[in-house]
Amino acid sequence: MKRISGLVLAVISLVLVLSACSGGTSITDDEQSGGEGEAAEASKDVTIWFHYTGKQQEEFLSLIDEYNESQDQYEVEGEYVPFADVKKQLSVGVAGGTLPDMALMDVVDNAAFAEQGVLEDITSKVEEWGEIDNFYEGPVESATYDGKYYGLPVGSNALGLFYNEDLLKEAGIEEPPTTWDELKEDAKALTSDDAKGFAVSAVKSEEGAFQFYPFLRSAGADYDSLASEGAVEAMTLLTDMIDEGSMGSDVVNATQDDLARQFAAGKLAMMVNGPWNIERLKEESPDMNFSIGQIPKSEQFASVLGGENLTIIKDGNVDGAFDFLTWFLEPDRHETFTYETGVFPARKDVLENSDHWTEDPYLSGFVPIMDGAVPRGPSPQWPEISESIQIAIQESLTGTKSPEEALNKAAESVSETVDQ
């Protein structure tokens, strides 16, 4: 199989966009003929829609080539679909009967497509495979719906507390905060005319819900208990820090990348962020001494997962797709792919036994974090749930509503969404 060139990728993207406008894709004469020879040949093919770009795309396509050369039972072909178009193209494919055999999707979308009947239930195959206990519970949970497996996690990340060691030392703080009380106290001590002590991204987007989730879970709450005492305490913590001046009111418009830029410039002493910004910090502020630890807790340490799952489309080439999927997730291959592309392994045995992460001064901070990291939801209605949480964050942190009022409203909205 030839690797996809930039020109071919562009053509594929254009075809996909045109398909979305027309409501389907054309069927070739060979496909219309339905001859036994063509059908037998097609059964060997496995098509994967993926949204990887850059280094991830290069490594993924290289592994597809390696798989195809390693055996002659199946031929895998990768087709690039932009991240923003994946859900739309899957919906178009359902209507037009033009779905692939596999699809790479964001962890928060897995449950929705499982509920819609788009994905294959691979529970029996996963159980027969016998490797699932080697994976982190959180990533695996993101690939399940109603107690069944509808995909497997192939790459993960999580959120942690980034802190500027020099600024903490100057403020007389020997260790980073581990509790909410310590976080509030240290954030005050670290706030000056030049810098704020702490920040989260509270922008009205999935990033805002993503960053609030660790505080929600740490207090023993979740999306289905937004009106609980723990949820209100979590929102009050953030609101209080804005009122006290140790967190800037501009966080309601700040993305995670914005926080990274402020942190690199010395304008933030502590922030919640993810491993994807480590290289940026090292490049933009090579002399800064920073470390990464657990997000301070209420009842328990908590973090939230990002990443992707590889799913198998219902009624596609399930056997071929599962063969590639399990080959792709073999420990040595999984270790190489995740390390080379800057994500974390979903396999616990790989992450905890590899020097790539355990010996790295920055990435090693995420190793214990992964143990407690959970998926958002998972729920087929996550987009609507997330929007309700985002609105509550905006209302609370801007003072439009009290944390309790904002979360009560969000809880009602979520309840209506889930009960529909």
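If you're wondering where the values come from, they're calculated on a predicted model, not measured in any experiment. (Residues numbered from 1 in each chain as written. Predicted model: local features only at pLDDT ≥ 70, side-chain atom pairs only at ≥ 80, totals over all residues. Heavy atoms only, no water.)

Caption draft 1: Representation of the overall build of the protein within the structure. In terms of regular secondary structure, the protein is built from 21 helices and eleven strands. Sequence-distant contacts, at least 24 apart, represent 75% of the contacts inside the protein between residues at least 6 apart. Carbon together with sulfur atoms contributes 44% to the accessible area of the protein, which is approximately 18,400 Å² in total. (Helix = DSSP H or I, 4+ residues; strand = E, 2+ residues; numbered from the N terminus. Contact = heavy atoms within 4.5 Å. Areas by Shrake-Rupley, 256 points an atom, 1.4 Å probe, with all protein chains shown as cover.)

Caption draft 2: Representation of the packing of helix α4 (residues 54–70) against helix α16 (residues 331–341) in the model. At a minimum axis separation of 9 Å, α4 and α16 run at an interaxial angle of 155°. If you check the angle between α4 and α16, you find them roughly antiparallel. Here α4 runs over α16; the crossing is right-handed. The residues of α16 that touch α4, namely those facing Lys 55, Gln 56, Glu 59, Phe 60, Leu 63 and Glu 66, are Arg 333, Phe 337, Glu 340 and Thr 341. For the contact of α4 with α16, the residue count by class is three nonpolar, two polar and five charged. (Axes fitted to C-alpha atoms, helices over the stretch in contact; angles between N-to-C directions. Parallel < 35°, antiparallel > 145°, perpendicular 65-115°, else oblique. Left-handed = near helix turned anticlockwise from the far one by under 90°. Nonpolar A, V, L, I, M, F, W, Y, C, P; charged D, E, K, R; others polar.)

Caption draft 3: Region of the structure containing the environment of Glu 387. With respect to the helices and strands, the residue Glu 387 is situated in helix α20 (residues 382–397). What makes Glu 387 partly exposed here is its relative accessible area of 42%. Considering only alpha carbons, one finds Glu 387 and Lys 204, 183 residues apart in sequence, at a separation of 8.0 Å. (Buried < 20%, exposed > 50% of the residue type's maximum accessible area, 1.4 Å probe, protein only.)

Caption draft 4: Fine view of the nonpolar core. With 80 residues, the main nonpolar core has Phe 162, Phe 198, Phe 215, Leu 238, Met 270, Ile 389 and Leu 397 as its most contacted residues. The element that contributes the greatest number of residues to this core is helix α12 (residues 229–243), accounting for eight residues. Look past the residues within four positions of Phe 215 in its chain and what remains in contact with it is Trp 180, Leu 183, Phe 198, Val 200, Ala 234, Leu 237, Leu 238, Val 272 and Ile 295. In terms of nonpolar packing, the next biggest core, distinct from the first, is built from 34 residues, Ile 64, Ile 122, Phe 328 and Ala 346 among them. (Core = buried A, V, L, I, M, F, W, Y, C linked by side-chain atoms within 4.5 Å.)

Caption draft 5: Region of interest: unusual backbone geometry. Of note, the amide linkage connecting Gly 377 to Pro 378 takes the cis form, showing an omega dihedral of -10°. You can see Pro 378 is positioned in the loop between β11 (373–374) and α20. Unusually for a residue other than glycine, Asp 146 sits at a positive phi of about 55°. Positionally, Asp 146 belongs in the loop between β4 (144–145) and β5 (148–149).

Caption draft 6: Region of the structure containing the pattern of salt bridges. Under the definition given, this model contains 19 salt bridges. Salt-bridge contacts for Arg 217 lead to Asp 222; the nearest nitrogen and oxygen are separated by 3.3 Å. For Asp 371, the salt bridge is made with Lys 348, and the minimal N-O distance between the two is 3.2 Å. Of this pair, Asp 371 sits in helix α19 (residues 367–372) while Lys 348 sits in helix α17 (residues 348–352), and the two are 23 residues apart along the sequence. Among the residues examined, Lys 348 registers a relative accessible area of 31% and is labelled partly exposed. (Salt bridge = Lys/Arg side-chain N within 4 Å of Asp/Glu carboxyl O.)

Caption draft 7: How the structure looks around the confidence of the model for the protein. Scored by pLDDT, the protein has a mean of 90; 90% of the residues are at 70 or more. The model gives residues 1–42 a pLDDT under 50, and that stretch makes 42 contacts with residues more than four places away or in other chains. (pLDDT = per-residue confidence, 0-100.)

Caption draft 8: Region of interest: the pairing of strand β2 (residues 75–80). Here β2 shows a clear split, with Val 76, Gly 78 and Tyr 80 buried on one side and none of Glu 75, Glu 77 and Glu 79 buried on the other. Here strand β1 (residues 45–50) pairs with β2 via six bridges, running parallel. Bridge pairing in β2 places Thr 47 opposite Glu 77. Chirality of the crossover, the property in question, places the unit of β1, α4 and β2 among those that are right-handed. (Pairing = 2+ DSSP bridges. Right-handed = clockwise from strand over helix to strand, strands pointing away.)

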